[in-house]
Amino acid sequence: MKTNESLPSEYRQRLMEIANVKTEINKLYKKTGPVSSDYITLSIKLDLLMKEYIEEQIANL
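Residues numbered from 1 in each chain as written. Predicted model: local features only at pLDDT ≥ 70, side-chain atom pairs only at ≥ 80, totals over all residues. Heavy atoms only, no water.

**Student:** Just to check I follow, could you spell out the packing of helix 1 (residues 9–32) against helix 2 (residues 37–59) for this structure?
**Tutor:** Helices that pack against each other are described as a pair by the angle of their axes relative to one another and the distance between those axes. The geometry of helix 1 relative to helix 2 is characterised by a closest axis approach of 9 Å and an angle of 155° between their N-to-C directions. Judged by the inter-axis angle, helix 1 sits roughly antiparallel to helix 2. Handedness of the crossing formed by helix 1 with helix 2: left-handed. Where helix 1 approaches helix 2, its residues Tyr-11, Arg-14, Leu-15, Glu-17, Ile-18, Val-21, Lys-22, Glu-24, Ile-25, Leu-28 and Tyr-29 are matched on the opposing element by Asp-38, Tyr-39, Leu-42, Ser-43, Lys-45, Leu-46, Leu-49, Met-50, Glu-52, Tyr-53, Glu-56 and Gln-57. Counted by class, the contact of helix 1 with helix 2 contains 13 nonpolar, two polar and eight charged residues. (Axes fitted to C-alpha atoms, helices over the stretch in contact; angles between N-to-C directions. Helix = DSSP H or I, 4+ residues; strand = E, 2+ residues; numbered from the N terminus. Parallel < 35°, antiparallel > 145°, perpendicular 65-115°, else oblique. Left-handed = near helix turned anticlockwise from the far one by under 90°. Contact = heavy atoms within 4.5 Å. Nonpolar A, V, L, I, M, F, W, Y, C, P; charged D, E, K, R; others polar.)

Put into structure tokens, the structure is as follows:
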């Protein structure tokens, strides 16, 4: 597994954004559950970020 130093900055930024969105989703879930509009919006954003990251990784193989 690669360390943080060996990841290009664009990948690190994408992973940090994914981690931040996941943290916010967890906080919202604890407060409001999965039915709030903010939770749904962040879930969709997280899904898109993860798909973009995976597609970038596949393209670099």
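The structure having been displayed, the exposition proceeds.
**Student:** I'm lost on the packing of aromatic side chains in this one. Help?
**Tutor:** Aromatic ring pairs are described here by two measures, namely the spacing of the ring centres and the angle between the planes. Enumeration over the complete set of coordinates arrives at two aromatic pairs. Both rings, one in Tyr-11 and one in Tyr-53, keep their centres 6.2 Å apart while their planes meet at 90°; by these two values the pair is edge-to-face. Of this pair, Tyr-11 sits in helix 1 while Tyr-53 sits in helix 2, and the two are 42 residues apart along the sequence. In this pair, the class of Tyr-11 matches that of Tyr-53, namely buried. Each ring, one from Tyr-29 and one from Tyr-39, has its centre 5.8 Å from the other, and the planes form 50°; the classification is tilted. (Phe/Tyr/Trp six-rings, centres within 6.5 Å; stacked < 30°, edge-to-face > 60°. Buried < 20%, exposed > 50% of the residue type's maximum accessible area, 1.4 Å probe, protein only.)

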